[in-house]
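Here is what each chain is made of, one letter per residue.
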Amino acid sequence: MSGAVAQGERVVAAIDQGTTSTRCLLFTHSGRMVAVAQREHRQHYPRPGLVEHDALEIWRNVRRVVPAALRRAGLEPSNVVALGIANQRETTVVWNRHTGIPLARAITWQDTRTDAIVERLVSDGQTGLYAGISGLGPATYFAGPRLQWLLDHVPGAREGALSGDVVFGTIETWLIWQLTGGPDGGRHVTDVTNASRTMLMDLRTLQWSDELLTALRVPRRMLPEIRSNSEVYGHCTGVLDGVPVAGALGDQQAALVGQTCFAPGEAKCTYGTGGFLLKNTGSRIAGSEDGLIPTVGYLFGDDPVYALEGSIAMTGSLVQWFRDALGMISTAAQIETLAMTVPDNGGCYVVPAFSGLYAPRWHPDARGVIVGLTSYIHRGHLARAVLEATAWQTREVLDAMNRDSGLPVTRLKVDGGMTANHLLMQFVADVLDVPVERPLGSEAVSLGAAYAAGLAVGYWPDPEVLRRNWHRAAAWEPDMDPRLRRSEHENWGRAVDRSFGWARPGS
Amino acid sequence: MAKPIQSIERAAAVLRLLGGAGRPLALAELAAALDLPRPTAHGIVRTLCDEDLAGQDPSTGRYHLGDGLTRLGSAWDRHDLRSRAMNWADALAATTGCAVFLGVPEDRGVGLVHHVFRPDGTPQRLRTNAVQPLHATAWGLCLLAFAPVAARPPQEMERYTRRTVTTAAALADVLAETRRRGWAADAGGYEPDVGRVAVPVRSGGGLTVAALGIGAPLEELFGPGGRVRPDPLAALTSAAGEIAASLEAER
Ligand SMILES: Nc1ncnc2c1ncn2[C@@H]1O[C@H](COP(=O)(O)OP(=O)(O)O)[C@@H](O)[C@H]1O
Ligand SMILES: [Mg+2]
């Protein structure tokens, strides 16, 4: 896709390195996207629970999509004032700094091979140590345990790390290093948002914690330097030769910036495969009760802005399951058509606890249930119940966030593939009882990376001007009888109760 | 490989012609366009009418695409349409500064499948799923002109403003003009101060599946003498082309 762009126009490039694909997007000063190019990469599933990516394939794809996007816009590298990166978080790479070759495939955020390591940390009573310093209780999502696994299982990894030949990075670190020269002077840096997802960084000092490094047996010299989200890390050599690499953020934090949630209390939810709700908490580090995660929102300059994050494991993926496993619809969008064949859920509820319930309930032994089945129920009711599950899960996360002290969320900015579904967005507004708004241009993740890079080189003077680029494309106002909201909420809660304790230990 | 069957090739050509013309065609026009003797062209088009793939207007004797075509395969799901159109609709709102609508034929009206707010920060209400009158809105007129099988002119034409088209004769003129120039407009026919322009979105084979339109305060879309301003019209036409291409590409 490309749009008209004047010759000689200066643009900011963003790389969105996601779980399934790598994209390059070009943005103008007004935040308008003028071109995008995309390439998928292979998912490696060596065993159940293991999900790996080939870091070299991802790097190869970056070198392809960047020139492709420029071609589509009819622009040259000299038109690009800066490059920003947003990336899948917590995916872990170790490589040899002299050859640029990874020692193993990258272990992705969905990979659960570290569950034994994590269980041991918990049973050893170390939860408080990690939560106290990094803000994160031990979980298989995070990069630190993955790095320990690689050091212990990949031949040569630990020796190489100790001798300084083998280095670690999450995906943005890997890409910045390659972009700025690789073995030939590449910059070995990470940013505070990605570092905040490793379980290795002190959330207050924004530096690696010696205590946690020791606890996880990670040699300090293999770690990248932690930098802000918006500064010139280095300059590209080769692809985009001479262009400053000037922004990097984890994808969900990038969306927070792209949605210009710059004031405490402002929140966004990205509805894709999963759902990710982040609320700006300003200079305050929120508590991590209820399974919500305090994290760095962004660091522009000297003072970090923190965020509170709640994630929902299954949102779009439940729709995919409804389509692919049940065959009820042939495209994700058709779930709205099917749901509109009935006026309500007919008393039917779907709780998508496919691998347990996460924030804010934490029942690993829960499994999915469909309740309220009667002979009256047909496909349309199930379609509604599938969509409503996304809304009620959002409500639970938002309620937990509002229990946290600080400003309550009074409106929610949304982005991601599911915002195409207007019935769902209306229902989200109805059950949250706050207005839901979609911005023009649904590329909040990439836009956030572009903003960080453009701010660093003065293309934009300060974050406040970026607010003027945010335009409301749609708004859904709450329109539900409070009594109905209350009784449906209660029904959802009763449905969730029925999902508990289904999985037996060891299954 | 089996030899192609000439009569089927010709029948396909007739369908393409009827679908692409944007107006009903006389037998003489069909025969001339296909370079066929009149009796041959007549045999083909009569057979298509029997199969309900073509239809004949009883008053003028001209031919158009038949109802049966809309039932061939399934028509586009309206939410698939929205999904395919969404990025282009956003880009169109950004470049024109207008609100964007996507409408499809529905019982006695045009059903709004998608709506993007005018990006000026003013309070607006989402109109998705609203049904608006065919004869009074640019998107309705667009469907009447380019999707005459699916959208039929109403018997009663209610007046909404001073500018609403309310007689069959006036409507026929407007539709003829719309077909001639390829786009539809209402200069305040539904709401007095709002102007609208719409173009057809065609799927493979030339069938019009939706109307893509923009709406804005009257004077922003219409210049002196009621002429539509060229820039938004060009952006609208190119967005409709991109949406059509995305329908074509991934079906
Ligand atoms: N109209 C829709 N209604 C409901 N779900 C949808 C719709 N369109 C897409 N989805 C879901 O959204 C997800 C894709 O959104 P996207 O933002 O591209 O996700 P990701 O970035 O995680 O790959 C898929 O899981 C799909 O099932
Ligand atoms: Mg994505």
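Predicted model, so just to flag it, every value in this text is computed and none were measured.

A.B. asks: Would you mind going over the packing of aromatic side chains in detail, with residue names and values included?
C.D. replies: All names here are of chain A. With the rule as written, the count across this model stands at 12 aromatic pairs over all chains. With a centroid separation of 6.2 Å and an interplanar angle of 85°, the aromatic rings of tryptophan 392 and phenylalanine 427 are classed as edge-to-face. A residue pair is termed long-range when its members are at least 10 positions apart, and tryptophan 392 in helix α12 (residues 379–403) and phenylalanine 427 in helix α13 (residues 422–432) qualify at 35 residues. Judged by relative accessible area, tryptophan 392 falls into the buried class, the value being 0%. You can call phenylalanine 427 buried: its relative accessible area is 13%. Through successive ring pairs, a cluster of aromatic residues spans Trp95, Trp174 and Trp177. Just above the ring of tryptophan 149 sits the side chain of arginine 113; from NZ or CZ to the centre is 4.5 Å. Seen from the ring of tryptophan 470, lysine 413 lies directly overhead, with NZ or CZ sitting 4.8 Å from the centre.

A.B. asks: Outline the site of ligand 1, listing residues and values.
C.D. replies: Residue and element names in this part refer to chain A. The full set close to ligand 1 counts 13 residues, and Thr273, Gly316, Gln320, Gly417 and Asn421 are the nearest of them. In the environment of ligand 1, an oxygen atom lies 2.6 Å from a nitrogen or oxygen atom belonging to the side chain of threonine 273. A distance of 3.1 Å separates an oxygen atom of ligand 1 from a polar atom in the side chain of glutamine 320. If ligand 1 stood free it would expose 580 Å²; the protein chains cover 69% of that surface. A per-element tally of the shell around ligand 1 places helix α10 (residues 316–324) first, with 4 residues. When the residues that make up the shell around ligand 1 are grouped by side-chain class, the tally is 5 nonpolar, 8 polar and no charged.

A.B. asks: Break down the nonpolar core for me, citing the residues and quoting the values.
C.D. replies: Residue and element names in this part refer to chain A. Formed by 60 residues in total, the largest nonpolar core has its most connected members in Tyr271, Leu277, Phe322, Ile335, Val351, Leu412 and Val436. For this core, the element with the most residues is α12, which contributes 12 residues. Ranked by size, the runner-up nonpolar core spans 40 residues in total, among them Ile15, Ala37, Ile58 and Ile171.

A.B. asks: Break down a positive patch on the surface for me, with residues and values.
C.D. replies: All names here are of chain A. Together, Arg39, Arg60, Arg63 and Arg64 line one region of the surface with positive charge. Here the positive patch gets 3 residues from one element, more than from any other, and that element is helix α1 (residues 55–73). Turning to its location among the elements, arginine 39 is positioned in strand β3 (residues 33–40). Its relative accessible area of 35% is what places arginine 39 among the partly exposed residues.

A.B. asks: Give me the confidence of the model for chain A: which residues, what numbers.
C.D. replies: Per-residue confidence for chain A averages 92 on the pLDDT scale, and 98% of its residues sit at or above 70. Across chain A, α13(A) holds the top mean pLDDT of 98, while β3(A) sits lowest at 87.

A.B. asks: I'd like a rundown of the domain arrangement of chain B, residues and numbers included.
C.D. replies: All names here are of chain B. You can read the domains of chain B as domain 1 (6–65) and domain 2 (73–250). Its C-alpha centre places domain 1 at a distance of 28 Å from the equivalent point of domain 2. Across the contact, 5 residues belong to domain 1 and 8 residues belong to domain 2. Both faces considered, domain 1 and domain 2 share a buried interface measuring about 500 Å² in area, 63% of it formed by carbon and sulfur atoms. Tallied by class, the residues present in the side of domain 1 that touches domain 2 amount to 1 nonpolar, 3 polar and 1 charged.

A.B. asks: Outline the sheet that holds strand β7 (residues 194–202) of chain B, supporting the account with residue identities and numerical values.
C.D. replies: Residue and element names in this part refer to chain B. Within the open sheet, the 6 strands sit side by side as β5-β4-β3-β8-β7-β6. Their pairing is antiparallel. At either end of the open sheet lies a strand with only one pairing partner, and these are β5 (131–132) and β6 (184–187). In this structure, β6 lies alongside β7, joined through 4 bridges in antiparallel fashion. Bridge pairing links alanine 184 to alanine 198 in β7.

A.B. asks: Describe the packing of α12(A) against helix α16 (residues 482–497) of chain A, naming the residues involved and giving the relevant values.
C.D. replies: Residue and element names in this part refer to chain A. It is the contact of α12 with α16, at a shortest axis distance of 11 Å, that shows an interaxial angle of 95°. Considered as vectors, α12 and α16 are oriented roughly perpendicular to each other. Where α12 approaches α16, its residues Glu388, Ala389, Trp392, Gln393, Arg395, Glu396 and Asp399 are matched on the opposing element by Arg485, Glu488, His489, Trp492 and Val496. Each residue belonging to the contact of α12 with α16 can be placed in one class, and the counts come to 4 nonpolar, 2 polar and 6 charged.

A.B. asks: Give a description of the pattern of salt bridges that names residues and reports values.
C.D. replies: Where side chains of opposite charge bring their charged atoms close, a pairing between them can arise. Residues and elements named next belong to chain A. Within this structure, the stated rule accounts for 35 salt bridges over all chains. Aspartate 399 is the partner of arginine 395 in a salt bridge, and the nearest nitrogen-oxygen pair spans 2.9 Å. Of this pair, arginine 395 and aspartate 399 both sit in helix α12, separated by 4 residues, roughly a single helical turn. Arginine 395 gets classed as buried once you look at its relative accessible area, which sits at 16%. Residue class for aspartate 399 comes out partly exposed when judged on its relative accessible area of 24%.

A.B. asks: Account for the sheet that holds strand β16 (residues 304–312) of chain A, naming residues and giving values.
C.D. replies: Residues and elements named next belong to chain A. With mixed pairing, the 7 strands of this open sheet are ordered in space as β15-β16-β14-β13-β19-β20-β21. A strand with exactly one partner marks an edge of an open sheet, and here the two such strands are β15 (293–299) and β21 (472–476). Across the sheet, the mean angle from the axis of one strand to that of its neighbour is 30°, orientation sign disregarded. Bridge analysis of strand β13 (residues 267–271) against strand β14 (residues 275–282) gives 5 bridges, and the strand direction is antiparallel. Residue pairing in the sheet places tyrosine 271 in a bridge with glycine 275 of β14. Together, β13, β14, β16 and β19 (412–415) form the strand contacts of α12, whose direction differs from that of β16 by roughly 140°. Sitting on the sheet, α13 touches β13, β19, β20 (436–439) and β21, and the angle it makes with β21 is about 55°.

What counts, and at which threshold
Residues numbered from 1 in each chain as written. Chains lettered and ligands numbered in written order. Predicted model: local features only at pLDDT ≥ 70, side-chain atom pairs only at ≥ 80, totals over all residues. Heavy atoms only, no water. Phe/Tyr/Trp six-rings, centres within 6.5 Å; stacked < 30°, edge-to-face > 60°. Helix = DSSP H or I, 4+ residues; strand = E, 2+ residues; numbered from the N terminus. Buried < 20%, exposed > 50% of the residue type's maximum accessible area, 1.4 Å probe, protein only. Lys NZ or Arg CZ within 6 Å of the ring centre and 35° of its normal. Near = heavy atom within 4 Å. Polar contact = N/O pair within 3.5 Å; in protein donor to acceptor, adjacent residues only side chain to side chain. Areas by Shrake-Rupley, 256 points an atom, 1.4 Å probe, with all protein chains shown as cover. Nonpolar A, V, L, I, M, F, W, Y, C, P; charged D, E, K, R; others polar. Core = buried A, V, L, I, M, F, W, Y, C linked by side-chain atoms within 4.5 Å. Patch = residues over 30% accessible without salt bridge, like charges linked within 9 Å, V, L, I, M, F, W, Y side chains within 5 Å. Salt bridge = Lys/Arg side-chain N within 4 Å of Asp/Glu carboxyl O. Lys, Arg positive; Asp, Glu negative; His and termini not counted. Charge placed at Lys NZ, Arg CZ, Asp CG, Glu CD. pLDDT = per-residue confidence, 0-100. Domains from an automatic or database assignment. Contact = heavy atoms within 4.5 Å. Buried area = accessible area lost by both parts, 1.4 Å probe. Pairing = 2+ DSSP bridges. Axes fitted to C-alpha atoms, helices over the stretch in contact; angles between N-to-C directions. Parallel < 35°, antiparallel > 145°, perpendicular 65-115°, else oblique.

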